[in-house]
Amino acid sequence: MTPLLSVQGITKRYGAHIGCADVSFDLYPGEVMGIVGESGSGKSTLLNCMAGHLVPDAGQVVFDTRTDGSRDTITMSEPERRMLGRTDWAFVHQHARDGLRMGVSAGGNVGERLMAVGERHYGDIRDKATDWLGRVEIDASRVDDRPTTFSGGMQQRLQIARNLVTGPRLVFMDEPTGGLDVSVQARLLDLLRGLVRDMGLSAIIVTHDLAVVRLLADRLMVMKSGRVVEAGLTDQVLDDPQHAYSQLLVSSVLQV
Amino acid sequence: MTEYNFAYLDEQTKRMIRRAILKGLAIPGYQVPFASREMPMPYGWGTGGVQVSAAVLTPRDTFKVIDQGADDTTNAVSIRTFFQRTAGVATTTATSDATVIQTRHRIPEEPLHEGQILVYQVPIPEPLRFLEPRESETRKMHSLEEYGLMHVKLYEDISRHGHIATSYAYPVKVEGRYVMDPSPIPKFDNPKLGDMAAIQLFGAGREQRIYALPPYTQVVSLDFEDHPFEASKADHPCGMCGATDSYLDELIIDDLGGRMFVCSDTDYCEARQAAGHKGKDAA
């Protein structure tokens, strides 16, 4: 089986400071990979390098494209990479405001990716947008409301709908539940889990919340100071952490 | 006439602007940056159009200026006088006699012919600006032909108003490549942009951009398959000349709700009246 995404030796430096160093892993179709670590451990840098938002200093990000097979997305041309970003990839930002157009209605937000890949029939676009709002549990009557009138959890769900409408195969998520209160988090996680399973999505989730990866991720990487210190199956890493930092991380979670 | 160089600007500046115009003509719809000069008028009064006019005027030209179709409004009169004083060119109000026509917000009703130049004053040349504020990003979108966002604007129109409510500065696609803001002309004028015999030049002074449409360029107004583009106008005949095919201004004539519709193109309306056409409000 070819991996959907094969990351090899990704290194990003900010001057003398290391963003992330020599990270390699394979992600197979339908698999969800969690990346955990404390603030400043390089997990967001790594995610942005993989998603094409940052150019790494070294390494390869090989993606199994629909048309041409395996391609290194770092050396491919910018139009091709941006096309991937609109079709096969999706990026869910921590703050919904970064991923949404706040001045555009919910329907327009969801429809943007469709129009970007050439959809030109208003009725079809609107039907698909309404359908997707339903799938992320936003009432269809809100389709013409702007995201500014939505709650934080709704904005985040809208951002997810906007990203998944073109049927991507790989979703990058940067702290998708950050900044939401726990009950909203739980609903969002439940929704994400359902969508990931139903659509057979592969996902890479960056988070510092171990509960999120426990629920969503099949595999886990623990990062510290820009390096991967431990990797393995989620329950294995969380229940039997080997590295001192992983042990600290797991034991730091409050038990209520 | 000795106190000014011909058409106010110095020769080097005019050469610089002509180079930008030529580049614009070579890449229809592409916004060419140029070193816009301070002009003796405020931004928003047509500093871009004036610089383009100054660069293309020759002593043998006949110059016409229209503002919202009219030859006799402040903006039109002041710019016409400006070039009378600084270039000494002949001026006219007759569309067919003019060789260079500077316009604000209208295309003349009378079809233009080969050899004429139509110069538009442009306030905001970037059609994507209100959706994407970053210039670096809009340039990238133009270069990579990523124009999905333009349709988001039209989508918003339909979802809010039930139809495409954008009635001026209606975005167009030029020769299947660049999406262009046609300056705030009413969308009634959009069909005239394409396949026009005259050269069309667009100057944005404050934004420092020039773009152009060479004669007989393909220009298509953007739309949806199920909401096609429609050139709209007020559904009345002209009160003065009775024309039913011209773009109309609505005038409030008293405080009792009285109003009349007249051609916004004054030259077209006067020519029709001189030929004996009469509307219902004509004296």
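Just above, that's the structure.
Residues numbered from 1 in each chain as written. Chains lettered and ligands numbered in written order. Predicted model: local features only at pLDDT ≥ 70, side-chain atom pairs only at ≥ 80, totals over all residues. Heavy atoms only, no water.

**Q** Which parts of the structure should I look at to understand the overall build of chain A?
**A** Helix and strand counts for chain A stand at 10 helices and 10 strands. Taken over the C-alpha trace, chain A has a radius of gyration of 18 Å; the compact-globule value for 256 residues is 18 Å, and the two agree within 12%. By the burial criterion, 53% of the 256 residues in chain A qualify as buried. The contacts in chain A between residues at least 6 apart in sequence include a share of 66% that link residues at least 24 apart. When the accessible surface of chain A is summed, it comes to about 10900 Å², and 49% of that surface belongs to carbon and sulfur atoms. (Helix = DSSP H or I, 4+ residues; strand = E, 2+ residues; numbered from the N terminus. Rg over C-alpha atoms; globule rule 2.2 N^0.38 Å. Buried < 20%, exposed > 50% of the residue type's maximum accessible area, 1.4 Å probe, protein only. Contact = heavy atoms within 4.5 Å. Areas by Shrake-Rupley, 256 points an atom, 1.4 Å probe, with all protein chains shown as cover.)

**Q** Just checking my understanding: could you explain the pairing of strand β11 (residues 248-252) of chain B for this structure?
**A** Note on strand geometry: in a regular strand, side chains alternate between the two faces of the sheet. Residue and element names in this part refer to chain B. Alignment of β11 against strand β12 (residues 259-263), held across five bridges, turns out to be antiparallel. Across the sheet, Asp 249 pairs through a bridge with Val 262, a residue of β12. The antiparallel hairpin formed by β11 and β12 contains six residues in its connecting segment, where Gly 257 sits at a positive phi of about 85°. (Pairing = 2+ DSSP bridges.)

**Q** When you look at the sheet that holds strand β3 (residues 32-37) of chain A in this model, what are you seeing that I'm missing?
**A** Either a parallel or an antiparallel arrangement is found when strands of a sheet pair, and the pairing is made through backbone hydrogen bonds. Residues and elements named next belong to chain A. In space, the six strands of this open sheet follow the order β6-β7-β8-β3-β9-β10, with mixed pairing throughout. Whereas interior strands pair on both sides, the edge strands pair on one side only; in this sheet they are β6 (89-92) and β10 (227-233). Each strand axis lies, on average, 15° off the axis of its neighbour in the sheet, ignoring direction. Where helix α10 (residues 244-251) meets the sheet, it contacts β3, β9 (219-224) and β10, and its direction lies at approximately 105° from that of β9. (Axes fitted to C-alpha atoms, helices over the stretch in contact; angles between N-to-C directions.)

**Q** Looking at this structure, I do not really get the packing of aromatic side chains. What am I missing?
**A** The description of two aromatic rings rests on the distance between their centres and on the angle between their planes. This structure, assessed with the given rule, holds 14 aromatic pairs over all chains. Taking the centre distance of 5.4 Å and the plane angle of 85° together, the rings of Trp89(A) and Phe172(A) count as edge-to-face. Of this pair, Trp89(A) sits in strand β6 while Phe172(A) sits in strand β7 (residues 170-174), and the two are 83 residues apart along the sequence. Given the relative accessible area of 1%, Phe172(A) is considered buried. Linked through ring pairs, Tyr4(B), Tyr8(B), Phe63(B), Phe82(B) and Phe83(B) together constitute an aromatic cluster. Arg135(A) extends its terminal NZ or CZ atom over the ring of Trp132(A), reaching a point 4.2 Å from the ring centre. Its guanidinium or amino end placed over the ring of Tyr245(A), Lys224(A) lies 5.5 Å from that ring's centre, counting from NZ or CZ. (Phe/Tyr/Trp six-rings, centres within 6.5 Å; stacked < 30°, edge-to-face > 60°. Lys NZ or Arg CZ within 6 Å of the ring centre and 35° of its normal.)

**Q** Explain the sheet that holds strand β5 (residues 117-121) of chain B here, please?
**A** Residue and element names in this part refer to chain B. Reading across from one edge, β1-β9-β8-β5-β4-β2-β3 is the order of the seven strands in this open sheet, with mixed pairing throughout. Strand pairing shows two members of the sheet lacking a second neighbour, β1 (32-33) and β3 (90-91), which therefore form its edges. Relative to β5, strand β4 (residues 100-104) runs parallel, the two sharing four bridges. Considered in β5, the bridge of Gln 102 is made with Val 119.

**Q** Where do I start with the interface of chain B and chain A in this structure?
**A** Note on interface size: it is often stated as the accessible area lost on association of the parts. Taken together, the contact between chain B and chain A spans 21 residues of the former and 22 residues of the latter. We note a salt bridge from Glu137(B) to Arg82(A), for which the minimum N-O separation is 3.0 Å. Applying the counting rule to chain B against chain A returns 13 residue pairs in polar contact (both at pLDDT 80 or more). Contributions of two or more residues to the side of chain B that touches chain A are made by α4 (135-143) and α5 (148-161) of chain B. Sort the elements by how many residues they give to the side of chain B that touches chain A and α5(B) lands first, with nine residues. (Salt bridge = Lys/Arg side-chain N within 4 Å of Asp/Glu carboxyl O. Polar contact = N/O pair within 3.5 Å; in protein donor to acceptor, adjacent residues only side chain to side chain.)

**Q** Whenever I open this one, the nonpolar core confuses me. Can you help?
**A** The nonpolar side chains of a soluble globular protein tend to be buried with one another. If you look at the biggest cluster of nonpolar residues, it comprises 66 residues, and the most contacted ones within it are Val110(A), Trp132(A), Val136(A), Leu158(A), Ile160(A), Val171(A) and Phe224(B). Sequence-distant contacts of Trp132(A), defined by excluding residues within four places in its chain, comprise Val110(A), Ala161(A), Leu164(A), Val165(A), Leu195(A) and Met199(A). (Core = buried A, V, L, I, M, F, W, Y, C linked by side-chain atoms within 4.5 Å.)

**Q** Explain the pattern of salt bridges here, please?
**A** A side chain with one charge can pair with a side chain of the opposite charge if their charged atoms come near. All names here are of chain A. Under the defined criterion, the tally for this structure stands at 37 salt bridges over all chains. Notably, a salt bridge pairs Glu 31 with Arg 219, separated by 2.8 Å at the nearest N-O pair. Here Arg 219 lies in strand β9 and Glu 31 lies in the loop between β2 (17-27) and β3, a separation of 188 residues in the sequence. The class for Glu 31 is buried, based on a relative accessible area of 14%. Of the residues examined, Arg 219 reaches a relative accessible area of 23% and is grouped as partly exposed.

**Q** Would you mind showing me how to read the side chain of Ser264(B) here?
**A** Along the polypeptide, Ser264(B) turns up in the loop between β12 and α7 (266-274). Ignoring sequence-local partners within four residues, the contact set of Ser264(B) consists of Gln68(B), Gly69(B), Ala70(B), Arg106(B), Tyr247(B), Leu248(B) and Asp249(B).

**Q** I'm lost on the pairing of β5(B) in this one. Help?
**A** Residue and element names in this part refer to chain B. Burial analysis of β5 places five of its five residues in the buried class, the great majority of the element. The pairing of β5 with strand β8 (residues 199-204) spans five bridges and is parallel. Following the sheet pairing, Tyr 120 is matched in β8 by Phe 202.

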